[in-house]
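# A structural walkthrough
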Amino acid sequence: MRDPSWRQNRRILLIDDNEAIHEDFRRILSRSAETSTLLTLESALFRDPPSRRDVRFELTCATQGAEGLERVKEALDHGAPYALVFVDVRMPPGWDGIETLSRIWKEDAAIQAVICSAYSDYSWEEISSRFGRTDNLLILAKPFDPNEVRQMAFALTEKWNQRRALSEANYKLSAQYTVTKILVESTTLPEGILALLGALGETLGFRFAALWLGDDESGALRCEHTWSAAPDDTAELEAATRGSRYARGAGLPGRALAQGEPSWFVDLGAEGDDDERAGAAQRAGLRFASELPIAVRADAQVAAVLELLDDAPRAPDPGLLDVLLAVAAKAGHFIGSKRVEAALRRSEANNRALLYAIPDTILRINAEGICLDFKASRESRLSLRAEDFLERHIADVFPARVAEQITELVARALADEATQVFEYQEQLRDGRHDYEVRIAGSDRAEAVVIVRDITERKRAEAETEARRAREEALRAQNEILAALSTPLIPIRDDIVVMPLVGALDAQRVRRVQETLVRGVAARRAHVAILDITGVPQIDGQCADELLRAAIAVRLLGSEVIITGLRPDVARTLVELGVDMSGIVTQSTLQNGIASAMESSRARGSGGRRRRARRRR
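Residues numbered from 1 in each chain as written. Predicted model: local features only at pLDDT ≥ 70, side-chain atom pairs only at ≥ 80, totals over all residues. Heavy atoms only, no water.

## Concerning helix 13 (residues 400–416)
Quick note on the threshold: Elements are defined by DSSP. Helices are runs of H or I of four residues or more, strands are runs of E of two residues or more, and each kind is numbered from the N terminus. Multiplying one less than the number of residues by 1.5 Å gives the expected span of a helix. Exposure categories follow from relative accessible area, calculated using a 1.4 Å probe and restricted to protein chains: below 20% of the type maximum is buried, above 50% is exposed, and the middle band is partly exposed. As used here, the arc belongs to the directions running from the helix axis to the C-beta atoms. Only heavy atoms enter the contact rule, under which two residues are in contact if any of them lie within 4.5 Å.
Between its first and last C-alpha atoms helix 13 spans 25 Å; for 17 residues at 1.5 Å apiece the expected length is 24 Å, and the two agree. Along helix 13, the residues classified as buried are Val402, Ala403, Ile406, Leu409, Val410, Ala413 and Leu414. Projected onto a plane normal to the axis of helix 13, the buried residues spread over an arc of 140° and lie on a single side. Facing away from the buried side of helix 13, by more than 90 degrees, are the exposed residues Ala400, Arg401, Glu404 and Ala415. Here the buried face of helix 13 lies against strand 12 (361–366), strand 14 (420–428), strand 15 (431–441) and strand 16 (446–453). Directly beyond the C-terminal end of helix 13, a positive phi value near 60° is found at Glu417.

Structure below.
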């Protein structure tokens, strides 16, 4: 249905084969012929005070019925139909008035008609039997009364305008109702948009419709939904539309987005837009477009544009624009709500996915201890069913002592909103299980209870603790063995002996060095004997470490004696080029002890002589 936007249509068609009648009608319906009689009639009919409103009739004349029918068709094609037709009954040699009017009404059923007839032509009964009961027809008897002609012209054109206004109001109201019904019943955004575009196109008579949605990130417009009255003719336009994006201010949709105001039927050819869409629209016969911005969010920021295309321009129609703005407002609310719903669904899906990814059993419990929601743990989903927990008291699904503790801690969590934690054990068919229970109040009426099976964790903790204890014991044993492997034996207060037995590695030699230096410093020994009788072999690295130990002891002011140096070991040291200068060696430990004691006595006597000299 095409949008009828005509206002005060006073277009009249006269079909009569008599040119003199044409002149009479021009004179009768001319502006100068408007008389007080017409004004009085107008006041009586429409209850308005008499006024000299400017009533201008536009008269078109035809001499034959076929010519008149062509005039009616041309007027409809140009969007300017006639409101009233005067038809003479007899118009030889062509159709008579009855045949002419019957053909005209097949093309334009809304046109008002007056049959101009003499009493000898057709009776009212004959005319009525031909057309049936209709209120679009009056009979004007010849000869004409000018006032009667003017009264009919005014009354019937006014009747056409009033009917058209009522029809406009009805179909606009119907459009709003249809749109509202579609948006209320649509469950998804794509479903609602497609139905909306189809309803606007079919109800309001547009040829093509598209909805451009704003991208929240870039702010550009993109189109995913279109409708066409002739899909085959607009295939190229549809493809170009779905593949286009417009930044704010670019193209007709982008300019509407930037301006935030509707544009009424812009001529695509006059706009100078050279983009693919404009060319595709014109090739499809669509030259005019209307763009209506749509506010989607609560802050009234424009986030969508409704685009309507047609093949012919439409005069500005405030009523139609009001309808479209109302539709745009409803569409904005619908788009916003569906986007929010989609975001909520995605959030709920993500939350549920996260929830089910958690391996624990989760319950939602109210203050009375009733389970409102339930999710089994990953390991026990086959054995625990939601129906065994939902709407049941926790005392019915947990051991008595555990249920009692959960009840107490739920009340505490709801009171102070602090997370409560406790552990319990339960004997099952496959053995004893340990559980950790965490309770958090989600609000003052509900709490979330998370039950985690910590059997494996407890087992791992016990194994870890046992392993730690074993390692600690082993470390203590190693320390004892290390001490035994590098013993430091005091012979006197100023003489210590370190007997070494077994193979020497780098770690043990470093321990020898550390023990020897620390022991000499602690005891303030004058002589340290390093006995290597029991060492079968010494490599270069060990020899260097032993010499460093001796040098360190000498730096402390003590003497180092190495005993038990076997011939093969001595040969090895010589081959390795080890510098033994400054190191006292003895063949046996006994010789070493004797040498140490002699050195100690000599050190002591020297000390006594120095003290005696100081006394003298």
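Here the narrative resumes.
## A word on the side chain of Ser228
Which entries qualify depends on this criterion: We define a polar contact as two N or O atoms separated by no more than 3.5 Å, with the added condition that, inside protein, one atom must be a possible hydrogen donor and the other a possible acceptor, whereas residues neighbouring each other in sequence contribute only through side-chain atom pairs.
Note that Ser228 resides in strand 7 (residues 221–228). When its relative accessible area of 11% is taken as the criterion, Ser228 is described as buried. Within the local environment of Ser228, its side chain forms a polar contact with the side chain of Thr234, the two groups lying 2.5 Å apart. Filtering out sequence-adjacent residues up to four positions away, Ser228 remains in contact with Arg207, Phe208 and Thr234.

## Let's talk about a negative patch on the surface
Convention followed: Nonpolar side chains (Val, Leu, Ile, Met, Phe, Trp, Tyr) are joined into patches within 5 Å and like charges within 9 Å, using only residues with over 30% relative accessible area and no salt bridge. Computed by Shrake-Rupley with a 1.4 Å probe, the accessible areas treat only the displayed protein chains as cover when residues are assessed. Any carboxyl oxygen of Asp or Glu within 4 Å of a side-chain nitrogen of Lys or Arg constitutes a salt bridge here. His residues and chain termini do not enter the charge count, which takes Lys and Arg as positive and Asp and Glu as negative. Charged groups are reduced to one reference atom each: NZ for lysine, CZ for arginine, CG for aspartic acid, CD for glutamic acid.
On the surface, Glu70, Glu74, Asp77 and Glu107 cluster together into a negatively charged patch. For Glu70, the location among the structural elements is in helix 3 (residues 65–77).

## Topic: the packing of helix 8 (residues 235–242) against helix 11 (residues 276–283)
The following threshold applies: Axes, fitted as lines to C-alpha atoms, cover a helix only where it is in contact. Angles between the N-to-C directions of the axes lie from 0 to 180 degrees. Orientation is classified from the angle alone, with under 35 degrees giving roughly parallel, over 145 giving roughly antiparallel, 65 to 115 giving roughly perpendicular, and any other angle giving oblique. Left-handed describes a crossing whose near helix is turned anticlockwise from the far helix through less than a right angle; right-handed describes the clockwise counterpart. Amino acids outside the nonpolar list (Ala, Val, Leu, Ile, Met, Phe, Trp, Tyr, Cys, Pro) and the charged list (Asp, Glu, Lys, Arg) are all regarded as polar, and Gly is one of them.
Running from N to C, helix 8 and helix 11 cross one another at 160°; their axes reach a closest spacing of 8 Å. With respect to helix 11, the element helix 8 is oriented roughly antiparallel. Here the hand of the crossing between helix 8 and helix 11 comes out left-handed. Of the residues in helix 11, those in contact with Glu236, Leu237, Ala240 and Thr241 of helix 8 are Glu276, Arg277, Ala280, Ala281 and Arg283. Grouping the amino acids of the contact of helix 8 with helix 11 by side-chain chemistry returns four nonpolar, one polar and four charged.

## Description of the nonpolar core
The condition is simple: Here, nonpolar core means buried Ala, Val, Leu, Ile, Met, Phe, Trp, Tyr and Cys residues that are tied together by side-chain atoms lying within 4.5 Å of each other.
Judged by nonpolar contacts, the single largest core of 30 residues is most densely connected at Leu211, Ile294, Leu306 and Ile335. Of all elements in the fold, only helix 6 (146–185), helix 7 (189–204), strand 6 (208–214), strand 10 (288–295), strand 11 (302–310) and helix 12 (318–357) reach the threshold of two or more residues within this core. Among the elements that make up this core, the one with the highest residue count is helix 12 (eight residues). Apart from residues lying up to four places away in sequence, Leu306 is in contact with Leu197, Leu200, Ala210, Leu211, Ser290, Glu291, Leu292 and Ile294. Membership of the second largest hydrophobic core comes to 28 residues, among which are Ala528, Ile532, Val535 and Val569.

## Brief notes about the environment of Val496
Relative to the helices and strands, Val496 is located in strand 18 (residues 495–501). With a relative accessible area of 0%, Val496 lands in the buried category. Between the C-alpha atoms of Val496 and His526, which are 30 residues apart in sequence, the distance is 8.5 Å. Contacts of Val496, omitting those with residues within four sequence positions, involve Leu488, Ile489, Pro490, Ile491, Val520, Arg523, Ala525, Val527, Ala528 and Ile529.

## Let's talk about the sheet that holds strand 19 (residues 527–534)
Worth spelling out the cut-off: A pair of strands is considered paired only if DSSP assigns at least 2 bridges between the two.
Read across the open sheet, the five strands follow the order 17-18-19-20-21; overall the sheet is mixed. The sheet terminates laterally at strand 17 (489–492) and strand 21 (584–586), the two strands that pair on one side only. Across the sheet, the axes of successive neighbouring strands diverge by a mean angle of 25°, strand direction being ignored. Across three bridges, strand 17 lies against strand 18 in antiparallel orientation. Counted as the bridge partner of Arg492 is Ile495 from strand 18. The sheet contacts of helix 15 (residues 506–523) involve strand 17, strand 18 and strand 19, and relative to strand 18 the element is tilted by about 165°.

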